[in-house]
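Residue-level structure breakdown
Letter by letter, the chains look like this.
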Amino acid sequence: MATVRANHGARTVASTFVGYFILIFFALVFIYPFVIQLSASFKTEPNAALNPLNPVPDPFVTDAYHKVFLSTDMPLWLGNSLIVTIAITLGRVLLDSMAGYALARLRFRGRRALFSAVIAILAVPGVVLFIPKFLVLKQFGMYDTYTALILPIIADAGGVFIMKQFFESIPRSVEEAARIDGAGTWRIFWSVVLPMGRPALITLTIVSFQSSWNEFAHSLVAVQSPDLYTLPRGLAVLVSGSLGSGNQYPLKLGAAVLATIPVAIIFVVFQRYFVRGANEGADK
Amino acid sequence: MRLSAKARENIAGWLFVAPVFVILGLFMLLPILMAMWVSLTDWNGQGSPFKSGVPFVGFDNYSKLFTEDGLTRQDFMTSVRNNVYYVGIVVPVQTVLALGLALVVNSRMLKGKGFFRAAFFFPSVTSSVAISVVFLFIFASSGAVNNLLAFFGVQGPQWFADARGILHLALGGLGLVDVDNPPALLTGGGPFGLSWWEWLAGPSVAMSTIMLLVIWTTSGTFMLMFLAALQDIPVTLEEASMLDGAGRWKRLRYVTLPMLKPTLFLVLTMGIIATWQVFDQVYVMSQGAPGKTTLTPAYLSYTQAFDNFEYGTGTAISFVLFAIIVLFTIVQRWLLRERNT
């Protein structure tokens, strides 16, 4: 009996060890590329090419960042990305929650058909819409404008779905109390229901921010003039070698760091909402 | 005039959904209808595709992809081949990796769950373009990966310049075929304008870097989904099976995995849908090169339209891709229904 128990204990220790080994190994695999990225952006060009694996930049230089800001359009890209991201995030949060609320609570003709349409749209693969979106933007004379970058993706079916699910989960009694007090539909939505929706709204805000900040393909079919490049678009052009001479890895990686930082900060602060967003997406 | 409460709710409902309805209608539904028309024409991007001068070609753009011998079909079939291998490898690998990581992270004996969960998930929230830049650096000829391989005495390939198919390399390595002089039986002919030998190339070395990148970025999301499902499994069920004397593998096989089946199917479907749409990474890392081995239908449709001004062919490819994805989704739904009844 004693040997059985000792055996069992030894096996537990062994499997704990193996478990940590797996976790740490994969944590390195998943995180080390970011370490390499960050450190290489502070290296000199020859050093980045010679010691790509070394996590410590020696000598430590900020040349890459000076160059990113002074000799590329980085300030413009950052500004465009900020405008587009903020507009899309605000729009999605407001419009998706309005539609989600109506689909969850208001009884109006065509509600079921509309909800089926939302589900159908969720199933349309985005890649298939590249050329179609371009056609529509051209037809409306919106191609190559800020409107083209923002308007087509200012509402999304996924967000409507998340908000509808959420509004269905809160009790009706609160709204009914307000209705008896004589509040109209908009008042009830704006000052009673929406404030209760904080967790869902934060999730939607974060998911929208992240996806619009990272959005690349839509910019390809919506605009062509360099004045309207967002950060991912500018970065893609930078990498495809328009800067010519040499590999310029510290510069490119520095620009990539700048594209990663905002989402990274939000990720660290609001991690549990990201987790929720990923799982809400799974419920669709 | 006072409207009835019912009429007012009707109006309010429509006003609330109107913005989303208009935007999704104008930028999702209408474009698809317009594109259906364009896929039946030879529009070259000049002026409006709906003017009378635009040549109507019927289903020519579609038959060019399947039945007419020519460069268009060759490119399209090459892109389909590349994407089939891509889906066939990325989906199983990322699913198994996500499930494995979720099981380890969920293990009750280990601490630091939150940290590891965050570490595995972080790559999937970052910009695909930025990550592609990082992987270009890591897989450069004298980059981090080749440095690491050199440490183990292996000389790494020139990742992004290497068009050799992995299956060809494996067959050659086993001595089954001579890669430089493949058997005439295979090179002689094959379906859809590609020889059997070309169909059997496997993903190229360059494509494998994109596959590694995508597995690396998406596993974290799927791990979260498995983790959520694992946490829904009642503890009593596991304890009961432990009391019954089931070992760890038996418990995994007969208790945990059956409970995870719905999530597993979901992860597989989402994986298949996403992998058929690979685009950003191809655009940034390889643009279809080397030797067209990283060409995918999504990327090909883009270049046909925006670089070659063959909007008809481009949209036709989009719709074929759409059909492929819908087909996979339907098959998956059908399989799920079989299992539920």
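Residues numbered from 1 in each chain as written. Chains lettered and ligands numbered in written order. Predicted model: local features only at pLDDT ≥ 70, side-chain atom pairs only at ≥ 80, totals over all residues. Heavy atoms only, no water.

Re the interface of chain A and chain B
Note the following rule: The contact criterion used is simple: two residues touch if any of their non-hydrogen atoms lie within 4.5 Å. Once two parts are brought into contact, the accessible area they lose, counted with a 1.4 Å probe and summed over both, makes up the buried area. A pair is scored as a salt bridge if a Lys or Arg side-chain nitrogen falls within 4 Å of a carboxyl oxygen belonging to Asp or Glu. Counting of polar contacts relies on pairs of N or O atoms within 3.5 Å, with two restrictions inside protein: one atom must be capable of donating a hydrogen and the other of accepting it, and residues adjacent in sequence are counted only when both atoms are side-chain atoms. Secondary structure counts use DSSP, requiring at least four H or I residues in a row for a helix and at least two E residues in a row for a strand, with both numbered from the N terminus. Three residue categories are used. Nonpolar comprises Ala, Val, Leu, Ile, Met, Phe, Trp, Tyr, Cys and Pro, charged comprises Asp, Glu, Lys and Arg, and polar comprises the others, including Gly.
Contacts between the two partners involve 89 residues from chain A and, on the opposite side, 86 residues from chain B. The contact between chain A and chain B buries some 7,800 Å² in all, and 81% of this surface belongs to carbon and sulfur atoms. Counting across the chain A and chain B interface gives 0 salt bridges. Summed over the shared surface of chain A and chain B, the number is 10 residue pairs in polar contact (both at pLDDT 80 or more). For the side of chain A that touches chain B, the element with the highest residue contribution is helix α1 (residues 2–40) of chain A, accounting for 18 residues. Residues that form the side of chain A that touches chain B fall into these classes: 69 nonpolar, 13 polar and 7 charged.

What to know about the environment of Val205 of chain B
Residues and elements named next belong to chain B. As for its placement among the helices and strands, Val205 is situated in helix α10 (residues 205–232). Note: C-alpha distance between Val205 and Phe160 (45 residues apart in sequence) is 7.4 Å. For Val205, the contacting residues outside a window of four places in its chain are Pro157, Trp159, Asp162, Arg164, Ile166 and Leu169.

Comments concerning helix α3 (residues 63–71) of chain A
Residues and elements named next belong to chain A. Let me state the cut-off plainly: Exposure categories follow from relative accessible area, calculated using a 1.4 Å probe and restricted to protein chains: below 20% of the type maximum is buried, above 50% is exposed, and the middle band is partly exposed. Read the arc as the range of directions from the helix axis to the C-beta atoms.
Along α3, the residues that are buried comprise Ala64, Tyr65 and Val68. Looking straight down α3, one finds its buried side chains confined to an arc of 100°; they lie on one side. Its buried side turned inward, α3 meets α4 (74–105) and α14 (249–269).

Regarding the pattern of salt bridges
Inspection of every chain in the model, using the stated rule, returns 6 salt bridges over all chains. A salt bridge links Arg92 of chain A to Asp156 of chain A, with the nearest nitrogen and oxygen atoms 3.9 Å apart. Placement of Arg92 of chain A in helix α4 and of Asp156 of chain A in the loop between α7 (146–150) and α8 (157–169) is noted, with a sequence separation of 64 residues between them. In this structure, the salt-bridge partner of Arg164 of chain B is Asp162 of chain B, at a minimum N-O distance of 2.7 Å.

Side note on the domain arrangement of chain A
Residues and elements named next belong to chain A. Heads up, the condition is: A domain assignment, automatic or from a database, supplies the domain bounds used here.
Here chain A is described as being made up of domain 1 (2–64) and domain 2 (72–283). Between the C-alpha centres of domain 1 and domain 2 there is a distance of 34 Å. Each partner contributes to the interface: domain 1 provides 10 residues, whereas domain 2 provides 9 residues. Interface area for domain 1 against domain 2, summed over the two sides, is near 700 Å², with a carbon-plus-sulfur share of 72%. For domain 1, the biggest contributors to the area lost against domain 2 are Gln37, Glu45 and Ala64; these three give 62% of the whole. Counting across the interface, domain 1 meets domain 2 through 0 salt bridges. At the junction of domain 1 with domain 2, the criterion picks out 1 residue pair in polar contact (both at pLDDT 80 or more). Breaking the side of domain 1 that touches domain 2 down by element, the ones donating at least two residues are α1 and α2 (45–50). The dominant element in the side of domain 1 that touches domain 2, judged by the number of residues it contributes, is α1, at 4 residues.

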